[in-house]
Amino acid sequence: MKIIHIRANRFLAIITLFLVVTINTFAQTENVRERVFIDVNTHNLLVGETLQYSTFCLSNTTNKLSVLSKYLYVELIGEGGVVFQRKHQLENGKASGEFFIPSSTETGQYYLVAYTRWMRNFDDVAQAPLVFINPFKGHTNADVVSTDVEVEFSIVSGALVTNSSNNVVFKVHQGDKLLSRKGRVISEGGKQIADISSDTNGIGAFEIIPEKETNYQLLLENPEGGFQFFDLPISTDNGVGLNILHNDNEIELKPIGDVKAGRLYIEHQGKIVFERDVRSTSPIRVKRAELPQDVLRVSFKDAQGTLRFMAPLVNTKLSIEELVTTLETRSSAVVEQQLVKGNYSVSIRKSYSDESPQSHSVFPKEAFFLPENLDYAELQYASSFSRIENKELPESISFLPEYRYQLLEGMLKAESDSAPVANKNVVLSLTGEGVLNISVARTDNKGRFLLEYQTVNKGKPTAAHLTMPEFEKEYSFEVNNNFKKQHDLNFSSVIIDTARLSEIRERSIISQLENAYFTPLIDSLEIENDILSTMSFFNAHYKFDDYVRFKTLKEHFVEYIPVAGVREKRGYKRFLVYNLDLNFDFELDPLVLLDGVPVHAPDLLEFSPYRIKNVDIANKRYFLGSLIADGVLSFKTIEGNLGGFKINTNHLAFDLLTAEEATSKLGTDHLKDLRIPDSRIQLLWLPDYNVNEDGTQQIQFNTSDIEGTFELVIEGFTEDGIPVSIVKKFKVEERTNEKG
């Protein structure tokens, strides 16, 4: 007896055991969740431009590249529904792609969302908001609804602490619009407590020592005249809070309120990096250099171990630099940048006014979308309105991770009550992969099954078939989609300011020029098929065109196929494979395949042999997971996809989406021929920029004919999981010494 191939059930048993150990182990450290950081070349695009994205699949705790999932699901969603759904194979935790925005796209807000199958257990989804503008279609701004001005308050403890100096942060906005306003804080009798003002981001702060049972209000001045009043939160006698003060070298943490006994913690990536007993309101000073450069968590537990507050603690900021050197158009350039060993993406693109803020890797772990050009204190204020996520791990999981292969989940359903659904073999056949590609899973007591499979990365659907190779009773299948059915997305109306029209017109002309002169280099080579055949051993091969063709399949076996035959008893026909091993008796039926799909032998024997190309035969007992057969007959049709053969029962034909092909955009080298216009505003996009050794990196690129201010943006994570966001701005001006 020879075992040819065992893969499916053994793999699932191993991965299930791995997950049990993983969850039990990681439950102590909470290092079991994944998250995705999406980096896009810009959040605002016109039709005719290309959205380019790079994704990092990370441990939600450590920020290090995750090894748990091998496949990523990416969707572009607008108010009208899903624009595209893609699957990417993660290479060392990274994947990238691009999308050319067609002229049929409507102006509006869109979201690029990304997640792994494993992340669905925790309802975790990464979102990158986008705005697409179609200048070729008329756009009417939505009626501006007069919304009320609102003020939000943020206090570390969640409430004002009576008779303590509370640092209160506030945000002024009217709908989605942030407002810069002035005003004052007053007590019940109208006594002025503090003057206040909010910056261009709508953020401001003030200090107040509230008295017991006293109400306070924030009085906001309207530019048109008059005032608006907003009630401050009510103070509490037994509250515990924290005032956070920043300077360039250290962070001062000043406990307030009922801190008779407790402990203060600073955490980073699931580990406590600083802790201190707190028995008074004396300030605690921490050197900034002694803490990781990241957004940390600061918390306080009382003597009973009760968590009294948790808040973000900012010890990082966006690195922004303006290069002194001005570059010339149509020239080669090099920018040097010091980078630590890690994984990054690099973008060089022209910047435009009134673009949406870029999402930066130094901020979004806690879903922060913080403004640029802020110091530590301003970042601390702005981050106070972002909710610190503290999800509990679920008691059970519904989705296994795609740790090595892709997974397909579904259910076998019986068409009659007498047909059992437990312990049945379900076979997945991928007929569009060019090789024999079969996976098998066994159903549980409810008919559920989980199949693992491999496909060639083509970025398009491949033909697939599900069968239950017991044809005496009728069954049907239900297949679950790994893409989420619904997303919680908030769409806002796009308001186009008339001041932007000239800029939009300029970009539209540039886009049309670039597309007109862009000449892609077409790779004539086919996609490499690296999928191994499920069954590598056949001891006999018969090509029907090499012999005389007969009217029935049975005659072919009678005339020139000696290693197998056809038996008929009481009108029931079946195939028989002759055992070549005299010391071993066959007891089971052979597995009969047509283009890799299990079929009912009596039905195939009625099929026209003129549609059959060849047959491969294995005269051995064959094991495929839980499926065992005494011999295999693998028929291939001329067409390659069942050739018109109808499988009437226990079968489902459908398409499976394959992962995207890893390709890079190629185009004209404009520096070789200066007569060809070069209207690129995206000068460089490196979605997978790996730094293997700490040091100075030389980033090379070519400028185009376009003048203006450009930004070099580097996003990514060091090998230790520290997020890095670097922005370098430079100007490009027309060449002064044209060279022919």
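Presented here is an overview of the structure given in this document. (Residues numbered from 1 in each chain as written. Predicted model: local features only at pLDDT ≥ 70, side-chain atom pairs only at ≥ 80, totals over all residues. Heavy atoms only, no water.)

Thoughts on empty space enclosed by the protein
Under the defined criterion, the tally for this structure stands at two cavities of 30 Å³ or more. Approximately 30 Å³ is the volume attributed to the second largest cavity. Taken together, Leu 436, Ile 438, Met 535, Leu 591, Leu 593, Tyr 622, Leu 624 and Val 632 make up the lining of the second largest cavity. Of all the secondary structure elements, the ones that give two or more residues to the lining of the second largest cavity are β39 (591–594) and β41 (612–624). Here the lining of the second largest cavity is composed, by residue class, of eight nonpolar, no polar and no charged. (1 Å grid on protein atoms, 1.4 Å probe; cavity = no way out; pocket = protein on both sides within 12 Å on 5 of 7 lines; lining within 4 Å. Points joined across faces, edges and corners; volume = space filled by probe spheres on them. Helix = DSSP H or I, 4+ residues; strand = E, 2+ residues; numbered from the N terminus. Nonpolar A, V, L, I, M, F, W, Y, C, P; charged D, E, K, R; others polar.)

Some thoughts on the pattern of salt bridges
Inspection of the entire model under this criterion finds 29 salt bridges. Arg 611 is paired through a salt bridge with Glu 639; the nearest N and O atoms lie 3.2 Å apart. Of this pair, Arg 611 sits in the loop between α5 (601–604) and β41 while Glu 639 sits in the loop between β42 (627–637) and β43 (651–657), placing them 28 residues apart in sequence. Owing to a relative accessible area of 48%, Glu 639 belongs among the partly exposed residues under this scheme. Members of the salt-bridge network, linked through shared partners, are Glu 49, Arg 349 and Arg 507. (Salt bridge = Lys/Arg side-chain N within 4 Å of Asp/Glu carboxyl O. Buried < 20%, exposed > 50% of the residue type's maximum accessible area, 1.4 Å probe, protein only.)

Quick word on the sheet that holds β41
Strands sit in the order β36-β41-β42-β39-β40 across an open sheet of five strands; the sheet is mixed. Looking at which strands have only one partner, the edges of the open sheet turn out to be β36 (540–543) and β40 (597–598). Bridging between β36 and β41 involves four bridges; their strand directions are antiparallel. Opposite Tyr 542, over in β41, you have Val 615 as the bridge partner. Across the sheet, helix α4 (residues 553–560) lies against β36, β41 and β42, angled at about 105° from β42, the strand it touches most. (Pairing = 2+ DSSP bridges. Contact = heavy atoms within 4.5 Å. Axes fitted to C-alpha atoms, helices over the stretch in contact; angles between N-to-C directions.)

Quick notes on the sheet that holds strand β5 (residues 81–89)
Overall, mixed pairing links the five strands, which are arranged β2-β8-β7-β4-β5 in an open sheet. The open sheet has two edge strands with one neighbour each: β2 (44–46) and β5. Neighbour-to-neighbour, the strand axes of the sheet open up by a mean angle of 25°, direction not taken into account. The sheet contact formed by strand β4 (residues 71–78) and strand β7 (residues 108–115) spans six bridges and is antiparallel. By the bridge assignment for β7, Gly 78 is matched with Tyr 110. Each of β2 and β8 (126–133) is contacted by helix α3 (residues 501–517), which is oriented at about 60° to β2, the strand it contacts most.

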